[in-house]
Amino acid sequence: MGDAPIRIHSDRLIMQGVTPAAAADLSLGGEGGIAWVADGPIQGTRDGAGLLVTAYEAGVHRPEWGMFALVRREDGLAVGAMGFHGPPDEEGRVEIGYDLAESARGNGYATEALRTLSRWALARPEVRVLFAVIERDNLPSQGVISRAGFTQVSGEADDDEHFAYELRG
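All of the points below concern the structure found in this document. Along every chain, residues carry numbers that run from 1 in the direction the sequence is written. Selection of residues for local features in this predicted model requires a pLDDT of at least 70, selection of side-chain atom pairs for listing and counting requires 80 or more, and totals for whole chains, interfaces and linings are taken over all residues. Working from all heavy atoms in the structure, the side-chain values ignore hydrogens and water.

**Here we look at the packing of aromatic side chains**
So, step 1. Side-chain rings of Phe, Tyr and Trp (the six-membered ring for Trp) are treated as a pair once their centres are within 6.5 Å; stacked means planes under 30 degrees apart, edge-to-face means over 60, and tilted covers the remaining angles. All told, the structure shown has four aromatic pairs when counted by the stated rule.
So, step 2. Ring plane angle 70° and centroid distance 4.9 Å describe the contact between Trp-65 and Phe-84, whose orientation is recorded as edge-to-face. Pair noted here: Trp-65 is in the loop between α2 (43–57) and β3 (67–72) and Phe-84 is in strand β4 (residues 78–84), with a separation of 19 residues, a long-range link.
So, step 3. Partly exposed residues are those whose accessible area sits between 20% and 50% of the maximum for their type, while under 20% is buried and over 50% is exposed, using a 1.4 Å probe and protein chains only. Assessed through its relative accessible area of 7%, Phe-84 is described here as buried.
So, step 4. Put simply, the rings of Trp-65, Phe-68, Phe-84 and Trp-120 touch in pairs and so form one group of aromatic residues.
So, step 5. In our convention, an over-ring charge means Lys NZ or Arg CZ found within 6 Å of a ring centre and within 35 degrees of that ring's normal. One residue, Arg-93, lies across the ring of Phe-131, its end atom 3.8 Å from the ring centre. Comment: elements are numbered from the N terminus, with helices defined as DSSP H or I runs of at least four residues and strands as E runs of at least two.

Here is the structure:
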């Protein structure tokens, strides 16, 4: 847990890797040592943090394929989180998810972060495809994923409640 968190920069955001210790605190209702906007972190971030803790405890957590807090450069406050559901599989496929505090929505932060993190991931030799699952009634998130270059696909995650999306390298 002593390694410095990964930082990936975009125009307005720093995607700061969340350590297992910070994730444990977030999953238990804390702030993970991160300064958040007033209405953050939201439940999706806390749930994702719990998944990171589970991976760490199982000895399979890899920081570069974990969770990132989306920190605004202008004020140093985290507006949400984005991350991978684990390392790429043997086909080079990795799933990504994200959420934003309600007060930060509509400013392009999720699209900017998703474009940046997608470029970062697809530049790695072990990644060929990014994958995401979006709830059918979550129109704003469908807009984010489309603006970031993902296309809707049919598959195991495309069901009555979800759409599946991919971005290929």
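Next comes the rest of the account.
**Description of the sheet that holds strand β1 (residues 7–9)**
So, step 1. Only strands joined by at least two bridges in the DSSP assignment are considered to pair. Taking strand neighbours across the sheet as the criterion, the eight strands line up as β1-β2-β3-β4-β5-β6-β8-β7 in an open arrangement whose pairing is mixed. Here the strands that pair on one side only, and so sit at the sheet edges, are β1 and β7 (151–153). Ignoring strand direction, the axes of neighbouring strands in this sheet form an average angle of 30°.
So, step 2. By the bridge criterion, five bridges tie β3 to β4 in an arrangement that is antiparallel. Within the sheet, the bridge partner assigned to Phe-68 lies in β4 and is Met-82.
So, step 3. Contacts are residue-level and defined by heavy atoms, with any inter-residue pair within 4.5 Å sufficient. Note on definitions: angles span 0 to 180 degrees between N-to-C directions of axes, and those axes are lines fitted to C-alpha atoms, for helices only across the stretch in contact. Relative to the sheet, α2 contacts β3, β4 and β5 (93–100), its axis offset from that of β3 by approximately 140°.
So, step 4. Relative to β4, helix α3 (residues 109–122) is tilted by about 30°, and along the sheet it contacts β1, β2 (13–17), β3, β4, β5, β6 (129–135) and β8 (162–168).

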